[in-house]
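Chain and residue survey
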Amino acid sequence: MVTPDSDILYRGGTEAGDIGHLRQIAGRFCPDEVRQEVSQIVLDEVDAINLKALEEGFLRLLQGRNGFPNEGIPTIGNEQRLAAGSNNSGNTSATFSNTANKGWNNGEDFGIGIPERDLASNLHYIENDTINVQSIRKDFPILGRKVHGKDLVWFDNGATTQKPKQVIDTISDYYTNYNSNIHRGAHTLAAEATDAYEDARQTVADFINAQSPEEIIFVRGTTEGINLVAQTFGRKFLNPGDEVIVSTLDHHANIVPWQQVSKERGATLKAIPINRNGDLILEDFDRMIGKNTKFVSVGHVNNTFGTINNIEHIIEVAHRHNVPVLIDGAQSIAHSAVDVQKLDADFFVFSGHKIYGPNGIGVVYGKKKWLDLLPPWQGGGNMIKDVTIEETQFNAPPARFEAGTPNVADAIGLGAALKYVKRIGIPAIEAYEHDLTEYARQQLGLIPGVTLLGNPKKRVSVVSFVVDNIEVPEMGTLLDQEGIAVRAGHHCAQPALRSLGYEMSVRPTFSFYNTKEEIDKLVIAVKKIIQQHA
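Attention in this report is confined to the structure presented alongside it.

Rules used throughout
- Residues numbered from 1 in each chain as written.
- Predicted model: local features only at pLDDT ≥ 70, side-chain atom pairs only at ≥ 80, totals over all residues.
- Heavy atoms only, no water.
- Buried < 20%, exposed > 50% of the residue type's maximum accessible area, 1.4 Å probe, protein only.
- Helix = DSSP H or I, 4+ residues; strand = E, 2+ residues; numbered from the N terminus.
- Pairing = 2+ DSSP bridges.
- Phe/Tyr/Trp six-rings, centres within 6.5 Å; stacked < 30°, edge-to-face > 60°.
- Arc of directions from axis to C-beta.
- Contact = heavy atoms within 4.5 Å.

Quick notes on the pairing of strand 12 (residues 362-366)
Most of strand 12 is tucked away, with five of its five residues classed as buried. Residues G362, V364 and G366 line one face of strand 12 and the alternating positions V363 and Y365 line the opposite face, and both faces are buried. Relative to strand 12, strand 6 (residues 216-219) runs antiparallel, the two sharing four bridges. By the bridge assignment, I217 is partnered in strand 12 with V364. Sheet analysis places strand 11 (residues 347-351) next to strand 12, joined by five bridges and oriented antiparallel. What sits directly across from F350, in strand 12, is V363.

Structure below.
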């Protein structure tokens, strides 16, 4: 315990300052490489730390000077501690060199391999207290597994998120207890399954603040959702000479469907360009839209640079020209609050697996006035009101767009995922993930040979980078050997990458179940790989 007249942190059996206790705590979070290096600085026989000397050393680091020029962390052994405790005059510290017994980084750096001066000036380890990360991690069984003998670090959240046991159990409960087709059965299981399916629709409507659950269509995912809108709108409203606007930042899923229908209908596809930071050039959009524009479809968030697009401006300008707008929300739905009424979006689409829900389920939100106008996309059961050999009368939306047996289990699972996210709270998630992302950018940006791609004004939890003289796929494979899962490729966003002069990138993406300690593991691994390739 530290007392007003003592500089010594005593070891007394149950004291919070017990070095052994601190080691036990740190051991749960620190990678092996960090523990090995720290053990060279604070040796096993050390029982206490000289707090005054430690404080002075860190103050020197924060001022840009060498914190411990002649010795390691100021410590005191057991005998010295007892002597100091008896007279309060002991200011003795053992001498341990930071570079003694050099490790894999040749002893040139401090801690996780970041130069000590930069590390001290960029300390951000005060945890955001808005969510209990360790408690949340217990909800995700897969996070406890090992990959190549190391703890899994899941940084591929932009491709798909992991599933909490609440979602897994909900899907299992459906198949175990009330699996049935829905809507037309006269038996108990059909009624229970129908109620659960429609409850999920209501949950989605509430989550994005749709005016009514009738504005919610279940599809397989974002890709199918955009294809549904492109084909139904395109077949009815696009004509030769018309124009559709997308953006250079968009995922292929928001480019290819509009490209196909535009070619079929004789329309022209245009794209909003981006600048070197990865932001849309909205002045060009303002000039681009005109009397021939019939539809605008853009992503809410870019999946490669994390750019949060100013969709409020895009929607407002498009509506001034009486042009409907679709927003691809695949990369935003899990990270930012979405209010479709406030946005005034005509269509909003997203995938369940991007927000801790199952694969194979997604959502199309459409304003009722548009859904009433659009023809069916697929024909079959459920979407009809009456059928003769000569003619078919179609159901009203959303049934009109849900032909055949729906994905009942995964719709219910999506409802469970949205309820799980809502309990944590999107504002808390957004704040925590922003902190993680900025920390990752800071620390990766300190590594020589690493280039971060894009620097948009507003961004979510995406960091994209390349490494000198190491191919992107190889870097992804080598990180996997360290237990770290990232995306390594073009991310289905080739126009965006090529606009900045790249073909591929390494892309870690973060979630509320990730931690700064995991980012440290990534930094260690990247630096280790670079040194091995030197």
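Next, the rest of the story.
Brief notes about the packing of aromatic side chains
For the coordinates displayed, the defined rule picks out 20 aromatic pairs. When the ring of F155 is compared with that of F510, the centres are 5.0 Å apart and the planes differ by 85°; the resulting orientation is edge-to-face. Here the residue F155 occupies a position in the loop between strand 5 (153-154) and helix 7 (165-177), and F510 occupies one in the loop between strand 19 (505-507) and helix 19 (516-533), the gap between them amounting to 355 residues. We note that F155, like F510, is buried. Ring geometry for Y356 and Y513: centres 5.9 Å apart, planes at 75°, overall edge-to-face. On the criterion of sequence distance, the pair formed by Y356 in the loop between strand 11 and strand 12 and Y513 in the loop between strand 19 and helix 19 is long-range, its members being 157 residues apart.

Examining helix 17 (residues 472-481)
Those residues of helix 17 that fall on the buried side of the exposure criterion are V472, M475, G476 and L479. Summarising the axial view, the buried residues of helix 17 lie within an arc of 100°, below the 170-degree limit, and thus occupy one face. In this structure, the buried residues of helix 17 make contact with strand 16 (465-467), strand 17 (484-485), strand 18 (487-489), strand 19 and helix 19. One or two steps after helix 17, the chain reaches G483, where phi turns positive at roughly 85°.

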